[in-house]
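# An overview of the molecular structure
Listed here are the chains, written in short residue letters.
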Amino acid sequence: MAKKKVPRPPVNSAVEAILERIRETRHFDFRNYKRATLHRRIERRMADRRCRTIADYQALLERQPAEFDALIAAMLIKVTSFFRDPDLWTEIGQRVLPQMFSEKRPGEEIRIWCAGCATGEEAFSAAILLAEAMGPAFQNQDVKIFGTDVDEKAITTARRGIYPATQVADVPKHLLERYFVEEGDGFSIRKDVRRSVVFGVNN
């Protein structure tokens, strides 16, 4: 007599169960992320851990809770660069900042928040854009840019403010010369610009 197969849970419901467990145990909410992306990243972790089925991977997560942290790190998307999407930065420089300055009193504090800043390039791009727009006033006015991300390792990199040459390759030459200092094999953000940016871990 043939052995009756035990039905396996559908992949989609298993993925949803994993996302719910992450939300319960690590307080990361991936429910609004694209499912195709999450599926690929879960499958990559399954391959790394040599799990043949999604059920095997669920069992591994329960046996080894540290795997949740590895999976979360794999799911967090850290695609970033200096002045990524140049048209957007041009719009900010030409329209958004002038409007903001017009609504500020002379010497009034300036606060900017870069949420999901990954390794800091976006926050430093904002600081450089402000320094360009404000000129000498940048040093004399109370300017603070807050860069936050859920990934503690990414924030550690951001706080260092040092990037390999490949990471600054697309920075316009005049900005690279004005706001970066060559350091070993890479470039560091100039200290007076770094002082205006504060990084922290925030979900």
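Just above sits the structure.
What counts as what
- Residues numbered from 1 in each chain as written.
- Predicted model: local features only at pLDDT ≥ 70, side-chain atom pairs only at ≥ 80, totals over all residues.
- Heavy atoms only, no water.
- Salt bridge = Lys/Arg side-chain N within 4 Å of Asp/Glu carboxyl O.
- Helix = DSSP H or I, 4+ residues; strand = E, 2+ residues; numbered from the N terminus.
- Buried < 20%, exposed > 50% of the residue type's maximum accessible area, 1.4 Å probe, protein only.
- Pairing = 2+ DSSP bridges.
- Axes fitted to C-alpha atoms, helices over the stretch in contact; angles between N-to-C directions.
- Polar contact = N/O pair within 3.5 Å; in protein donor to acceptor, adjacent residues only side chain to side chain.
- Contact = heavy atoms within 4.5 Å.

### Overview of the pattern of salt bridges
Tallying each qualifying case throughout the model produces 14 salt bridges. A salt bridge links Arg21 to Glu62, with the shortest nitrogen-to-oxygen separation between them at 3.1 Å. One end of the pair, Arg21, is in helix α1 (residues 11-26); the other, Glu62, is in helix α3 (residues 54-63), and 41 residues separate them in sequence. A relative accessible area of 45% places Glu62 in the partly exposed class. Between Asp29 and Arg31 there is a salt bridge, and its shortest N-O distance comes to 2.6 Å. For Asp29, a relative accessible area of 39% puts it in the partly exposed group.

### Comments concerning unusual backbone geometry
We note that His27 has phi near 60°; this positive angle belongs to a residue other than glycine. Locating His27 in the fold gives a position in the loop between α1 and α2 (35-48). Residue classification places His27 among the exposed positions, given a relative accessible area of 59%. A positive phi angle, near 60°, is found at Arg50, a position not held by glycine. Within the fold, Arg50 resides in the loop between α2 and α3. You can call Arg50 exposed: its relative accessible area is 78%.

### Structural notes on the sheet that holds strand β4 (residues 180-183)
Ordered by their spatial adjacency, 3 strands build an open sheet running β3-β5-β4, and the pairing between neighbours is antiparallel. Each edge of the open sheet is held by one strand with a lone partner, namely β3 (162-164) and β4. This sheet shows a mean twist of 35° between the axes of neighbouring strands, independent of strand direction. Sheet topology places β3 next to strand β5 (residues 186-189); 3 bridges connect them, and they run antiparallel.

### A word on the side chain of Ser188
With respect to the helices and strands, the residue Ser188 is situated in strand β5. At 3.0 Å, the side chain of Ser188 and the side chain of Glu183 are in polar contact. Not counting the four nearest positions on each side in its chain, Ser188 is found in contact with Gly161, Ile162, Tyr179, Phe180, Val181, Glu183 and Arg194.

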